[in-house]
Protein chains: 2
Amino acid sequence: MQPEVSDHIFYSFLTGGFCDSSSTTTTTSSFYPFAIEDTISQDKSLAALRNHKEAERKRRERINSHLNKLRSLLSCNSKTDKATVLAKVVQRVKELKQQTLEISNETLPSETDEISVLNFEDCSKDDGRIIFKVSFCCEDRPDLLQDLVKILKSLQMETVYADITTIGGRTRNDLVVVADTEKHGVESVKFLQNALKSLLERSSQSVVMRRGGGGGEMTKRRRAPDHIIMV
Amino acid sequence: MQPEVSDHIFYSFLTGGFCDSSSTTTTTSSFYPFAIEDTISQDKSLAALRNHKEAERKRRERINSHLNKLRSLLSCNSKTDKATVLAKVVQRVKELKQQTLEISNETLPSETDEISVLNFEDCSKDDGRIIFKVSFCCEDRPDLLQDLVKILKSLQMETVYADITTIGGRTRNDLVVVADTEKHGVESVKFLQNALKSLLERSSQSVVMRRGGGGGEMTKRRRAPDHIIMV
DNA sequence: CCCAACACGTGAATC
DNA sequence: TGATTCACGTGTTGG
């Protein structure tokens with residue numbers, strides 16, 4: 001492609017001989033370019049420059065190799081911009097960080113008792129089903145799950161998804177339940193909320209002696225909350 | 001820092017005048033460098049080169065800006081190698097892809113009935129608790145969850161974590177249950193496995209007519225599997 | 001002293 | 001053509 005050595009000699013000759021005093025030759029005292037005593041140091045610096053050139057090529061290869069890996073990982077065209085690839089990568093890593101943050105924030109039981117019942121009104125109401133997203137946090141007790149199942153059964157609601165996490169005596173329950181529009185109207189949200197509220201009140205009334213699991217220290221019984229946060 | 005325009009003029013003079021025939025001047029027919037009629041096109045190409053230089057600087061800035069964003073996102077020193085940063089980014093994105101793959105593979109119910117009971121023997125046996133990781137997939141039925149709760153209750157095991165996913169008539173249950181070593185020995189794994197096996201057999205016996213949810217098409221009842229895969 | 005990493009300006013290619 | 005992107009060789013700096 002490009003002239004390799006010839007123009008280099010030419011260039012270094014020019015910069016060293018003409019332009020500046022910061023010459024490539026350091027040991028010689030001669031003022032004449034291409035003088036005899038300069039040939040040795042010239043060879044040395046030439047070899048150094050060749051090494052330098054090679055090293056720089058290797059470095060570029062390394063960087064571009066990783067860039068190509070990123071291109072394939074992001075499944076984008078091999079002719080996509082370097083800058084664009086990096087921008088997309090920034091986006092991806094940000095998403096990853098956000099995800100892990102949400103996981104730790106949204107999957108652990110909260111300290112306060114909370115109930116959230118969301119009615120997915122927009123989501124496929126015409127197929128005869130209503131979908132609720134239920135989430136509540138409260139003190140754990142042995143019969144909580146059984147009571148919850150009974151409640152949903154009595155409301156004739158079917159559990160499609162359940163994610164139940166219990167840690168340190170607190171429990172968090174995320175449910176997706178479906179109900180028939182034939183049996184339920186819009187007021188079924190209230191039924192569900194009230195049933196869950198009674199569930200949590202039962203939970204905070206029952207005083208359980210729990211052997212020190214988890215952390216090991218026997219925590220003082222958390223007092224029943226004055227009110228349960230309803231969302 | 002570096003000489004901006006002066007050496008450029010010098011260089012372009014050299015390459016254009018001395019080295020090669022691919023000169024910077026295209027329209028002129030003069031053979032003399034710095035001839036009068038060349039000054040115009042020289043100015044033009046000089047301006048072009050200045051634009052080019054500027055554009056390249058902008059490009060480098062863009063790339064390095066993204067690289068710095070990646071540095072901060074990966075919380076690594078601002079003097080970390082470009083190549084190293086990119087290598088770490090490749091690692092991260094691979095992990096992300098792996099995670100999302102595992103999520104879709106490990107959270108959806110399998111087509112075949114399966115039971116897996118893992119005894120975490122290495123994990124804190126001396127605090128008087130045994131920890132089991134239970135996972136099973138089977139056909140869904142209304143009383144499945146209730147039966148499961150009864151089984152665990154009868155075995156005096158406490159559910160620490162539960163992840164229950166039901167889709168398309170199939171259900172997948174991932175549980176973490178703890179048992180007392182006072183009440184259970186090593187044989188409790190077998191108890192648990194057998195109880196779950198009976199649960200799944202009950203599941204495959206009961207023939208349920210299910211209204212076509214999800215996909216909408218009424219799927220033919222899947223025949224009871226000849227055997228349940230035990231892990 | 002060299003080595004490794006960087007920014008820079010430039011030529012070439014692509015659109 | 002003009003704009004944009006890339007690879008290259010080089011000068012420079014810090015360990």
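Residues numbered from 1 in each chain as written. Chains lettered and ligands numbered in written order. Predicted model: local features only at pLDDT ≥ 70, side-chain atom pairs only at ≥ 80, totals over all residues. Heavy atoms only, no water.

## A word on the overall build of chain A
At step 1: Secondary structure summary: chain A contains five helices and five strands in total.
At step 2: Ordered by position from the N terminus, the helices and strands of chain A form the series α-α-α-β-β-α-β-β-α-β.
At step 3: Of all 231 residues assigned to chain A, the portion counted as buried reaches 35%.
At step 4: When contacts within chain A are restricted to residue pairs at least 6 apart in sequence, long-range pairs at least 24 apart make up 62% of them.
At step 5: For chain A, the accessible surface area stands at approximately 14800 Å², while carbon and sulfur atoms represent 55% of it. (Helix = DSSP H or I, 4+ residues; strand = E, 2+ residues; numbered from the N terminus. Buried < 20%, exposed > 50% of the residue type's maximum accessible area, 1.4 Å probe, protein only. Contact = heavy atoms within 4.5 Å. Areas by Shrake-Rupley, 256 points an atom, 1.4 Å probe, with all protein chains shown as cover.)

## Let's talk about helix H4 (residues 144-154) of chain B
Residues and elements named next belong to chain B.
At step 1: With eight of its 11 residues buried, H4 lies for the most part within the structure.
At step 2: Taken residue by residue, H4 has Leu-144, Leu-145, Gln-146, Asp-147, Leu-148, Val-149, Ile-151 and Leu-152 as its buried positions.
At step 3: Gln-156 occupies a position one or two residues after H4 and carries a positive phi of about 55°.

## What about the interface of chain A and chain B?
At step 1: Between chain A and chain B, the contact holds 48 residues from the first and 46 residues from the second.
At step 2: Carbon and sulfur atoms make up 65% of the area that chain A and chain B hide from each other, which totals about 4300 Å².
At step 3: Looking only at chain A, the three residues that lose the most surface to chain B are Leu-73, Leu-86 and Leu-96 of chain A, adding up to 13% of its buried area.
At step 4: Here chain A and chain B share two salt bridges between them.
At step 5: Across the pair Lys-153 of chain A and Asp-143 of chain B runs a salt bridge, and its minimum N-O distance is 2.7 Å.
At step 6: In this assembly, chain A and chain B are joined by 10 residue pairs in polar contact (both at pLDDT 80 or more).
At step 7: Only helix H1 (6-19), helix H2 (39-73), helix H3 (82-106), helix H4 (144-154) and strand S3 (158-167) of chain A provide two or more residues apiece to the side of chain A that touches chain B.
At step 8: At 12 residues, the largest contribution of residues to the side of chain A that touches chain B is made by H3 of chain A.
At step 9: Each residue belonging to the side of chain A that touches chain B can be placed in one class, and the counts come to 22 nonpolar, nine polar and 17 charged. (Buried area = accessible area lost by both parts, 1.4 Å probe. Salt bridge = Lys/Arg side-chain N within 4 Å of Asp/Glu carboxyl O. Polar contact = N/O pair within 3.5 Å; in protein donor to acceptor, adjacent residues only side chain to side chain. Nonpolar A, V, L, I, M, F, W, Y, C, P; charged D, E, K, R; others polar.)

## Looking at the relation of the copies chain A and chain B
At step 1: Overlay of chain A on chain B (RMSD 0.2 Å): rotation 180°, translation along the axis 0.1 Å. Read as a symmetry element, the transformation amounts to a two-fold axis. Looking at the rotation axis and the C-alpha trace of chain A, the residue lying nearest is Asp-163 of chain A, at 2.3 Å. (Least-squares fit on C-alpha atoms with pLDDT ≥ 70 in both.)

## Side note on the environment of Leu-199 of chain A
At step 1: The residue Leu-199 of chain A is located in helix H5 (residues 188-205) in this model.
At step 2: Placed 61 residues apart in sequence, Leu-199 of chain A and Cys-138 of chain A show a C-alpha to C-alpha distance of 9.5 Å.

## Here's the deal with the pattern of salt bridges
At step 1: Within this structure, the stated rule accounts for 18 salt bridges over all chains.
At step 2: Arg-202 of chain A is paired through a salt bridge with Asp-147 of chain A; the nearest N and O atoms lie 3.3 Å apart. Taken together, the positions of Arg-202 of chain A in helix H5 and Asp-147 of chain A in helix H4 put the pair 55 residues apart, joining distant regions of the chain.
At step 3: Taking the shortest distance from any N to any O, the salt bridge between Asp-147 of chain B and Arg-141 of chain B comes out at 2.8 Å. The pair formed by Asp-147 of chain B and Arg-141 of chain B is uniform in burial state, with each residue classed as buried.

## Comments concerning the nonpolar core
At step 1: Counting residues in each nonpolar core, the largest one holds 52 residues, and the members touching the most others are Phe-132 and Leu-192 of chain A together with Phe-132 and Leu-192 of chain B.
At step 2: Once residues lying within four places of it in the same chain are set aside, the contact partners of Phe-132 of chain A are Val-117, Leu-118, Asn-119, Met-157, Leu-175, Val-176, Val-177, Ala-179, Ser-188, Val-189 and Leu-192 of chain A.
At step 3: Within the second largest apolar cluster, 24 residues are counted, among which are Leu-86 of chain A together with Ile-63, Leu-86 and Val-89 of chain B. (Core = buried A, V, L, I, M, F, W, Y, C linked by side-chain atoms within 4.5 Å.)

## Focus on the confidence of the model for chain A
Residue and element names in this part refer to chain A.
At step 1: With 62% of its residues at a pLDDT of 70 or more, chain A has an overall mean of 72.
At step 2: By mean pLDDT, H1 is the weakest element of chain A at 35, and H4 is the strongest at 90.
At step 3: Below pLDDT 50 for its whole length, residues 1-34 participates in 26 contacts with residues either more than four positions away or in separate chains.
At step 4: Low pLDDT, under 50, characterises residues 207-226; the stretch is placed with 21 contacts to residues that sit more than four places away or in other chains. (pLDDT = per-residue confidence, 0-100.)

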